[in-house]
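Here's the letter readout for the chains.
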Amino acid sequence: MPNFLLRALGIACFISIFFPGVSSAQHTGHKSVTLQLDSVPLKTALAQMERQAGVKFVYSSKAIQAQRRVSLSLNHRPVMEALDALLGPLDVGYSVIAGQIALRYEDPSANATPLNVATAVLEGVVMDEKGESLAGVRVSVKRSSRGVFTDLDGKYEIAVAPHEVAVFSYVGYQTREIRAGKRAKLNVTLTETPSFLTELSVVGARSTIQRINTERSVPLDVVTANDIQASGQTDLAQALQYASPSFNSSKYGINNMASFVDPATLRGLGPDQLLVLVNGKRRHPSSLLNLNNTVGRGTVSTDLNVIPSAAIERIEILRDGASAQYGSDAIAGIINIVLKKRASELSAKVQTGITAAGDGLTEQAALFAGVPVGRNGGFFDLTLNYQRQDSTNRAGAYTGIVYDDHKNPVRDDSMVAVRRFNRNAAVYGTAQSKTSSAFFNAEIPVYDHWSFYTFGGASVKDILAYGFYRYPSDPRNSNLKLYPDGYLPEFPARLTDYSLVGGFRRRVDKEWNADLSISTGANSFNGSAIHTVNASQPDSLQTSFDVGGTTFRQTVSNLNFSRNFSGLFNTQTFSFSLGSEVRVENYTIREGEPNSYSNGQAMNSPQVKLGGANGRPGFTPSNALDRYRTNAGVYMDLESDVTAKILAAAALRMERYSDFGDNLSAKLSGRYKISDRYAVRASFNSGFRAPSLQQLYYSQVQYQFFSVNGVTQLRQVLILRNDDPTLRLLGVDPLKPENSLHFNAGFTARIDGKSAFTIDGYLINIRNRIALSARLDTSFPVIKQLLLDAHITDLQFFSNAVDTRTTGCDVVFTRKEKWGLEGENFMSVSAALNMNQTNIIGKVRTPAAIEEVGAAQLLDRVSRGLIEVAQPASKLIFTFQYHHQNWDFLARNTRFGSVIYQDNDPRFDQTFSAKMVTDAVLTYGFGPHISASVGGNNIFNIYPDKILFSSQTSDGQIPYSRNTTQFGFNGAFYYAGLQAHF
């Protein structure tokens, strides 16, 4: 007998003599335990079982490798059953000796006993948690070729030796491994897998207790890696667009910074009112400020598309305010991107596709590799991704004057014919892009319950966007020496992005957990303007300009303590979290080269020429800056299962900004179980969003195309930074934070093990919402001289102009049916609906100095429309998936509700009707490792409505709106892909 076992026997006998009250083996077997283990040391799991069942384990930590990480989910199961599930996969055996349980390592090679040695027939019934028999469950012997399936009554019989492990597997349920021992009969209960209807998630509560979505007090969507892959989308934002009805992100054409970073919104609010986390840690936003007339005008987005989909395990979308838990920006909710944690995996994917129009060729290649680190469950994952997309063009033929500066159409047509000018020279569509990215995720146990973790990534995105064609008939833009037939400005830019997070984490059940981390990240934009001119320098031959760039940097330090108390205050569970966070933000603007912004002529000269690189003037020395601010906060988070039916949670957060002072946010939420299947939930929270550094300090002269009296005009507009003294003369106050009150109430149902239903209504009031003003021109005496001196026509700025109210409802239904010998065949359907409406409440806050001149409000009708009616009033996603053996088919219909373009002249308002977009993909698996897919997005080639008023189309060049669009205007996209997984 091994020395270890002798020592264990001696210890056990000593305990049995001097502590006779210790439970016997029979009594121990009737104890029940509940385990929710997520990559914890085996030693910790055993300690938890000891406390719950009052048993005692005797073992050598070295012999059984007690620092190995284990994961297990069991609810009120007998101790022996839990022990079989825990130790079976680890080659650890056990014996009950004098009321104690002695553990030992069993060499699998030594146990390779032939089938005819000490074998017996093991029989039993396999059931689900409700006691119903499961047919078609695979029952096999580990490390052998033996296996059977349960019959229609869930019964099985299999020959197995006492030392061997029986494996019970069924699609949709957690696999169980149980050592046979000397028993002749074994009934097994399988627990439904925490996926599909019961995805586990952690965002929205700092408790370490994971809950399925229907048992949470707040609504949350979980988008899995399979959902992202099945979408066929290469951009992450577009994959989410067709996965969550509350999320919206569309592609735009000829729209300045919106061509480089897709605006992404949740529940119809602004892009900067949505907080993005990665592995629960705050991610930095983009450095770019969207200033054009699109959804998200005047806001800063987070660039989701730099994160490769191949690195993602799942995405949690919290549809509830969470400023009290995670700080500024979480007014609408949170997107938490959870990276993969794989210790042994290699996968690759290639995909290519093209639009039905024959453009927009897209290619993607991704590689994921996960390797173990050390012997205690450490891992290092690396994802490499490359994708390129050609531009698309849906421009129409130009119908305006090309050459004749006297606007004589007859003469102009003659000149067009003589010079053979192509009236289809404009480009209007999605920008060309190339993106290379690398992301990693790693965790290494370092001591006892402590682990070191780190993750992050870097990406380089090269984008080529186009401006409007500059026709020689417009003297403001032209340089006839260089471009006698006009020119098409191109705006190449490089966006670089990096992030790095590192920290130490301690996880111990029933003790204090700790998480200390520091993260840093940055996003930079460096732009150029080519194939263009500085029209104010008619003798210059320069056609390429460096226009400067912007950078946003963020560093966050976080310290969090949490603990789950058992039975505290007579509750079933009580989780308490306390922490602090310090954030440092930095925003810089780099000036462009002098010719990119210089103006060689006065505005009142006979032939006005627009200064700077035409289409994208550079940043001037007066625009350049380097600004910092800091934020320090402390928070507290509580969550408790007060009773078996009542779940309650509360959070409180105090923050201090170096430039805005203090803010206090609070949150209360609760859930009441009407029964095991039905529950109601509600939440109330206050939130805030501090003005971004971009909104505070951005300034630049921009070219903007506006509709004035039904005619599109090109204007030079100065964006004035908020601390400029001129704004104080106009009566504009310094910016202050937005504040919100968010109410949510819902009903959840798990009708059976196959279906789930949730409905949540919400109301969000936002006070002091920050908006970009209407254009002010020389009719305002206070700024007239400023505009003339700066050679510009208009002025804009940011202010806390409005209060808004958003109301809406989310409805989600899912159902999944399984059949076949191993349940490998299934069919699932889901329907998800969002209905949403935002309204401006009360008057726009317009300073008296502006109202006196005759401007009715500080916010024009176009800007109001972008807030109130430019996003779909409803969005419905219906998904059908069918899997049979090696085949998988997915079809999805997404109905986008109507949107409205609201013009400053009501005669040109237009409603763009609701549209249904259909996606489909068929996948075939060539065995367990290789699969191929063919599919299409928008397979029926649906386009949004065209613009009704010719005066709004820039003389025919833009047939589809550049201000509001439900799903872009590229039409059908067809693709094929190949995936490998090892």
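Relevant structure appears above.
Computed from a predicted model, the values in this text were never measured in an experiment.

So, how was this worked out
- Residues numbered from 1 in each chain as written.
- Predicted model: local features only at pLDDT ≥ 70, side-chain atom pairs only at ≥ 80, totals over all residues.
- Heavy atoms only, no water.
- Helix = DSSP H or I, 4+ residues; strand = E, 2+ residues; numbered from the N terminus.
- Buried < 20%, exposed > 50% of the residue type's maximum accessible area, 1.4 Å probe, protein only.
- Contact = heavy atoms within 4.5 Å.
- Pairing = 2+ DSSP bridges.
- Core = buried A, V, L, I, M, F, W, Y, C linked by side-chain atoms within 4.5 Å.
- Expected span 1.5 Å × (residues − 1).
- Patch = residues over 30% accessible without salt bridge, like charges linked within 9 Å, V, L, I, M, F, W, Y side chains within 5 Å.
- Areas by Shrake-Rupley, 256 points an atom, 1.4 Å probe, with all protein chains shown as cover.
- Salt bridge = Lys/Arg side-chain N within 4 Å of Asp/Glu carboxyl O.
- 1 Å grid on protein atoms, 1.4 Å probe; cavity = no way out; pocket = protein on both sides within 12 Å on 5 of 7 lines; lining within 4 Å.
- Points joined across faces, edges and corners; volume = space filled by probe spheres on them.
- Nonpolar A, V, L, I, M, F, W, Y, C, P; charged D, E, K, R; others polar.
- Axes fitted to C-alpha atoms, helices over the stretch in contact; angles between N-to-C directions.
- Parallel < 35°, antiparallel > 145°, perpendicular 65-115°, else oblique.
- Phe/Tyr/Trp six-rings, centres within 6.5 Å; stacked < 30°, edge-to-face > 60°.
- Lys NZ or Arg CZ within 6 Å of the ring centre and 35° of its normal.

**Q** Hey, could you go over the overall build of the protein chain for me, with residue numbers and the actual values?
**A** A count of helices and strands for the protein chain gives 14 helices and 48 strands. Relative to its 982 residues, the protein chain shows a buried fraction of 57%. Long-range contacts, defined as pairs at least 24 residues apart, comprise 70% of the intrachain contacts of the protein chain with a sequence gap of at least 6.

**Q** An account of the pairing of strand 25 (residues 432-447) is requested, with residue identities and associated values reported.
**A** Where strand 24 (residues 378-389) meets strand 25, eleven bridges bridge the pair, whose relative direction is antiparallel. Bridge pairing links L384 to A438 in strand 25. Counted along the chain from strand 25 to the antiparallel partner strand 26 (residues 450-466), the turn is two residues long, and its residue D448 has a positive phi close to 50°.

**Q** Explain the pairing of strand 10 (residues 165-169) to me, using residue names and the numbers behind them.
**A** With five of five residues buried, strand 10 lies mostly within the body of the structure. Judged by which residues are buried, strand 10 turns out to be covered on both faces: V165, V167 and S169 on one side and A166 and F168 on the other are all buried. Relative to strand 10, strand 7 (residues 138-141) runs antiparallel, the two sharing four bridges. In the sheet register, V139 faces strand 10, and the bridge partner there is F168.

**Q** Break down the nonpolar core for me, with residues and values.
**A** Among the nonpolar cores identified, the biggest contains 32 residues, and L304, I315, I335 and I337 are the most heavily contacted of them. Looking at this core, the elements that each hand over two or more residues are helix 7 (236-241), strand 17 (264-266), strand 18 (274-278), strand 20 (312-318), strand 21 (333-339), strand 26 and strand 38 (755-772). Broken down by element, the residue count for this core peaks at four residues, all from helix 7. Filtering out sequence-adjacent residues up to four positions away, I315 remains in contact with D221, V222, V223, I228, L236, L240, I335, N336 and I337. Within the second largest apolar cluster, 27 residues are counted, among which are V33, A66, L83 and A85.

**Q** Tell me about helix 3 (residues 42-53), and please be specific about residues and values.
**A** When the terminal C-alpha atoms of helix 3 are compared, their 17 Å separation across twelve residues agrees well with the 16 Å that a helix rising 1.5 Å per residue should span. All buried positions along helix 3 are accounted for by L42, T44, A45, L46, Q48, M49 and A53. Where helix 3 terminates, the next one or two residues include G54, which has phi positive at roughly 70°.

**Q** Outline unusual backbone geometry, listing residues and values.
**A** Positive phi, close to 55°, is recorded for Q885, a residue that is not glycine. With respect to the secondary-structure elements, Q885 resides in the loop between strand 42 (874-884) and strand 43 (887-896). We note that S954 has phi near 55°; this positive angle belongs to a residue other than glycine. In this fold, S954 is placed in the loop between strand 47 (930-937) and strand 48 (973-981).

**Q** I'd like a rundown of the environment of G429, residues and numbers included.
**A** As for its placement among the helices and strands, G429 is situated in the loop between helix 9 (409-419) and strand 25. A C-alpha to C-alpha distance of 4.9 Å links G429 and T392, two positions 37 residues apart in sequence.

**Q** Account for a nonpolar patch on the surface, with residues named and values stated.
**A** On the surface, a cluster of nonpolar side chains totalling about 600 Å² of accessible area is made up of V642, I646, Y672, I674, Y678, V680, I751 and F813. Considering the arrangement of structural elements, one finds V642 in the loop between strand 31 (625-641) and strand 32 (646-657). Note on V642: relative accessible area 34%, which makes it partly exposed.

**Q** Summarise the sheet that holds strand 19 (residues 281-282); cite the residues concerned and give the values.
**A** Taken in spatial order, the five strands line up as 15-20-21-18-19 in an open sheet, and their pairing is mixed. The sheet is open, and its two borders are formed by strand 15 (220-224) and strand 19, each paired with just one other strand. Relative to strand 19, strand 18 runs antiparallel, the two being bridged by two bridges. Bridge pairing in strand 19 links V278 to K281.

**Q** Got a sec to walk through empty space enclosed by the protein? Specific residues and values, please.
**A** Empty space within the largest cavity amounts to approximately 440 Å³. Lining the largest cavity are 24 residues, and of these Q233, Q238, K251, N970 and F973 sit closest to its centre. Looking at the lining of the largest cavity, its residues break down into six nonpolar, 15 polar and three charged.

**Q** Describe the packing of helix 3 against helix 5 (residues 79-87), with residues and values.
**A** Two elements in contact, helix 3 and helix 5, have axes whose closest approach is 12 Å; the angle formed by their N-to-C orientations is 180°. When the axis of helix 3 is compared with that of helix 5, the two are roughly antiparallel. Residues L42, A45, L46, M49 and A53 of helix 3 form the contact with helix 5, whose own contacting residues are V79, A82, L83, L86 and L87. Looking at the contact of helix 3 with helix 5 residue by residue, the class counts come to ten nonpolar, no polar and no charged.

**Q** So, the sheet that holds strand 10: which residues are in play, and what are the values?
**A** A sheet is described by the order of its strands in space; here four strands give the open sequence 8-7-10-11, paired in antiparallel fashion. Every interior strand has two partners, whereas the edge strands, strand 8 (147-149) and strand 11 (176-179), have only one. The mean angle between the axes of side-by-side strands here comes to 20°, regardless of whether they run parallel or antiparallel.

**Q** Could you give an account of helix 14 (residues 861-868), with specific residues and numbers?
**A** Of all eight residues making up helix 14, seven are buried, and the element is well covered by its neighbours. Those residues of helix 14 not exposed but buried are V862, S863, R864, G865, L866, I867 and E868. On its buried side, helix 14 packs onto strand 38, strand 40 (798-819), strand 41 (825-841) and strand 44 (899-901).

**Q** How would you summarise the pattern of salt bridges if you had to cite specific residues and measurements?
**A** Enumeration according to the criterion identifies 47 salt bridges in this entry. Each of E581, R583, E585, R629, R653, E655 and D659 takes part in salt bridges that share partners, so that together they form one network.

**Q** Give a detailed account of the packing of aromatic side chains, specifying residues and quantitative values.
**A** If you walk through the whole model with that rule in mind, you get 27 aromatic pairs. Both rings, one in F421 and one in Y471, keep their centres 6.0 Å apart while their planes meet at 65°; by these two values the pair is edge-to-face. With F421 in the loop between helix 9 and strand 25 and Y471 in the loop between strand 26 and strand 27 (490-506), this residue pair connects regions lying 50 residues apart in the sequence. The class of F421 is buried, set by a relative accessible area of 11%. According to the relative accessible area criterion, Y471 is buried, its value standing at 6%. On the numbers, 6.1 Å between centres and 15° between planes, the contact of Y678 with F747 is stacked. Of this pair, Y678 sits in strand 34 (residues 678-689) while F747 sits in strand 37 (residues 738-749), placing them 69 residues apart in sequence. Relative accessible area serves as the criterion here: at 29%, F747 is assigned to the partly exposed category. An aromatic cluster is built from Y398, Y403, F421, Y469 and Y471, whose rings are joined through pairwise contacts. The side chain of R505 reaches across the aromatic face of Y453, ending 4.0 Å from its centre.

**Q** An account of the side chain of S301 is needed here, citing residue identities and associated values.
**A** Considering the arrangement of structural elements, one finds S301 in the loop between strand 19 and strand 20. Using a relative accessible area of 9% as the deciding quantity, one classes S301 as buried. Among residues more than four places away in sequence, those in contact with S301 are V261, D262, P263, A264, P271, P285 and S286.

**Q** How would you sum up the environment of G842? Please name residues and give values.
**A** Mapped onto the elements, G842 comes out in the loop between strand 41 and helix 13 (848-851). Sequence separation of G842 and D803 is 39 residues, and the distance between their C-alpha atoms is 7.2 Å.

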